[in-house]
Amino acid sequence: MAVDLSHSDEVRELVERTRDFIRGVVVPLDDAHDGDIAAAGGDALRRDLQQQAKAAGVFAPHGPVEFGGLGLGMSDRAPVFEEAGYSLFGPTALNIAAPDEGNVHMLAHIADPAQREQFLAPLARGDVRSAFAMTEPAPGAGSDPTALRTRAVRAEGGWRINGHKWFITGADGAAFFIIMARTSGEPGERGGATMFLAPADTPGLRVGRHIDTMDKSMLGGHCEVFFDDLLVPDSAVLGEVDRGFDYAQVRLGPARMTHVMRWLGAARRGHDMAVARVVEREGFGARLADLGMIQQMIADNEIDIAATRALLTRACWELDRGEHAANATSIAKTFAAEAIVRIVDRSMQMCGGLGVAADLPLARLYREVRPFRIYDGPSEVHRWAIAKRVVSAAKRARREAE
Ligand SMILES: Cc1cc2nc3c(=O)[nH]c(=O)nc-3n(C[C@H](O)[C@H](O)[C@H](O)COP(=O)(O)OP(=O)(O)OC[C@H]3O[C@@H](n4cnc5c(N)ncnc54)[C@H](O)[C@@H]3O)c2cc1C
């Protein structure tokens, strides 16, 4: 089996350009506003940074070429997204922040020509933002998507949607929503979900409060969203009726991996910061970096970074081959979400009091990476899925041996 982990010259150059752009232009703004994107200017900042990213030739590395993107596959996205993640504002600058990046990916795969023109084109170009509305308050969809309660029923010329979503990233200011609603079956049943596209100004669609979460780097907040007799035409159906859960997999597997790429970049910044600090700081007649227990933290960070990259590489390779990659993405997501928190936590520890102060970015990195153990599937749910596959295979083997 040939194993080639190298990237083309074009991708290597793009990685370099992205590194220069992020560190030269974006990191200073991130630092000046403690990673709070609303305080830094919100959508006005996004538009300004995206213009500069276009000029620097680093905009939309994932986007379809026909809409001004660079058209990279998953394996080639990895090092570019990691560089973008070095600043908390970097993904927004390159138009690869959640949820827009995942929505571009899914629309590029599923949308029909009219939907591509109306929704995908402006999103990929950075003209607008979007939201993906799946999660509901209890007893609705959360870790268990089959609990979906938002309903879409047939109406004259289309569908009438009623329901309540929450934690919807980017909802405030989004131009359109991708809505997951139940078109058949009952909560708890595995099928019967459909995705709908709805412009934000459609009557019956209302964005409610921002849920005040610990992170501050994603535009448009994490909001409650209400659908009260929201009427959408048949042309709003994304893909086919009742296939929403299948399509969610098209989005969620790659979206999990791109989160890993971006947050790995953030963790690497924390690690770089901590190493620079302990090499400088003196104590007990030596540099902190020469003390064994500090070196253990440095080594453990290096191991977590390398292991995360390796699992990511495997999952991206499977995705680029057109495989479902459910197991590889679950393994990579679970390990990475926990490793990234460990890396940032150790980096804070190495910096002492400064590690938890706003003078360094470590405290805000922690605030940003911790929720990743919950969204895109909590660690426990992925572990459960991984274990169930192993147990099912073992039971099958046992039956066949009998
Ligand atoms: C910052 C942020 C952004 C988000 N953005 C979006 C968005 O844009 N769109 C969207 O639709 N949703 C979004 N979400 C919601 C997110 O997808 C859900 O929070 C997640 O799926 C978990 O669902 P829940 O909150 O209902 O937790 P619950 O389903 O109530 O689960 C609570 C906990 O129970 C445990 N658990 C659950 N199932 C199992 C199991 N089988 N075995 C063992 N333990 C288990 C886990 O520890 C889990 O954390 C976002 C969430 C956050 C925090």
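Residues numbered from 1 in each chain as written. Predicted model: local features only at pLDDT ≥ 70, side-chain atom pairs only at ≥ 80, totals over all residues. Heavy atoms only, no water.

Asks: Can you tell me about unusual backbone geometry, naming the residues and giving the values?
Replies: In this model, Ala-98 is joined to Pro-99 through a cis peptide bond whose omega is 0°. Its place among the elements puts Pro-99 in the loop between helix H4 (90–93) and helix H5 (100–110). The backbone phi angle of Asp-229 is positive, close to 55°, even though this residue is not glycine. Looking at the element boundaries, Asp-229 is found in strand E7 (residues 222–233). One non-glycine residue, Asp-242, lies in the positive phi region at around 70°. Here Asp-242 lies in the loop between strand E8 (237–238) and helix H7 (244–280). The partly exposed category is assigned to Asp-242, whose relative accessible area is 33%. (Helix = DSSP H or I, 4+ residues; strand = E, 2+ residues; numbered from the N terminus. Buried < 20%, exposed > 50% of the residue type's maximum accessible area, 1.4 Å probe, protein only.)

Asks: Tell me about the site of the ligand, residues and numbers included.
Replies: Taken together, 15 residues are adjacent to the ligand, and Thr-135, Ser-143, Phe-167, Thr-169 and Glu-380 come closest. One nitrogen or oxygen atom from the main chain of Met-134 is found 2.9 Å from an oxygen atom belonging to the ligand. Glu-380 is positioned such that a nitrogen or oxygen atom in its side chain is 2.8 Å from an oxygen atom of the ligand. In isolation the ligand exposes 980 Å². Once the protein is present, 66% of that is buried. (Near = heavy atom within 4 Å. Polar contact = N/O pair within 3.5 Å; in protein donor to acceptor, adjacent residues only side chain to side chain. Areas by Shrake-Rupley, 256 points an atom, 1.4 Å probe, with all protein chains shown as cover.)

Asks: Give me the packing of aromatic side chains: which residues, what numbers.
Replies: Under the definition given, this model contains 4 aromatic pairs. Consider the rings of Phe-372 and Tyr-375, whose centres lie 5.6 Å apart with planes at 45°: the pair is tilted. On the basis of relative accessibility, which here comes to 25%, the residue Tyr-375 falls in the partly exposed class. For Arg-251, the ring lying beneath its charged end belongs to Phe-132, and the centroid distance is 4.3 Å. It is Lys-333 that lies over the ring of Phe-372; its NZ or CZ is 4.6 Å from the centre. (Phe/Tyr/Trp six-rings, centres within 6.5 Å; stacked < 30°, edge-to-face > 60°. Lys NZ or Arg CZ within 6 Å of the ring centre and 35° of its normal.)

Asks: If you had to explain the nonpolar core to someone new, which residues and values would you point to?
Replies: A general feature of soluble globular proteins is that nonpolar side chains tend to end up buried together. Residues Phe-21, Ile-22, Phe-89, Leu-94, Met-257, Met-261 and Trp-263 are the most contacted members of the largest nonpolar core, which totals 65 residues. For this core, the secondary-structure elements that each account for two or more residues are helix H1 (9–32), helix H2 (42–55), helix H3 (74–84), H7, helix H8 (292–320), helix H9 (326–350) and helix H10 (362–369). For this core, the leading source of residues is H9, giving 10 residues. Residues lining this core come from more than one domain, with at least three contributed by each of domain 1 (9–97) and domain 3 (246–401). Contact partners of Ile-22, with chain neighbours within four places excluded, come to Val-27, Pro-28, Glu-83, Ala-84, Tyr-86, Ser-87, Gly-90 and Leu-94. The next biggest cluster of nonpolar side chains, apart from the first, holds 26 residues, and it includes Leu-120, Phe-132, Met-195 and Leu-238. (Core = buried A, V, L, I, M, F, W, Y, C linked by side-chain atoms within 4.5 Å. Domains from an automatic or database assignment. Contact = heavy atoms within 4.5 Å.)

Asks: Let's hear about the environment of Met-1: which residues, and what values?
Replies: Among the secondary structure elements, Met-1 is positioned in the segment before H1. When the C-alpha atoms of Met-1 and Ile-298 are compared, they prove to be 34 Å apart, with 297 residues separating the residues in sequence.

Asks: Help me get a handle on the packing of H9 against H10, residues and values and all.
Replies: Between H9 and H10, the shortest axis-to-axis distance is 9 Å and the interhelical angle comes to 160°. Taken together, H9 and H10 sit at an angle that is classed as roughly antiparallel. Handedness of the crossing formed by H9 with H10: left-handed. On H10, the residues that touch Ile-340, Val-341, Val-344, Asp-345, Ser-347 and Met-348 of H9 are Leu-362, Ala-363, Leu-365, Tyr-366 and Val-369. A per-class count over the contact of H9 with H10 returns 9 nonpolar, 1 polar and 1 charged. (Axes fitted to C-alpha atoms, helices over the stretch in contact; angles between N-to-C directions. Parallel < 35°, antiparallel > 145°, perpendicular 65-115°, else oblique. Left-handed = near helix turned anticlockwise from the far one by under 90°. Nonpolar A, V, L, I, M, F, W, Y, C, P; charged D, E, K, R; others polar.)

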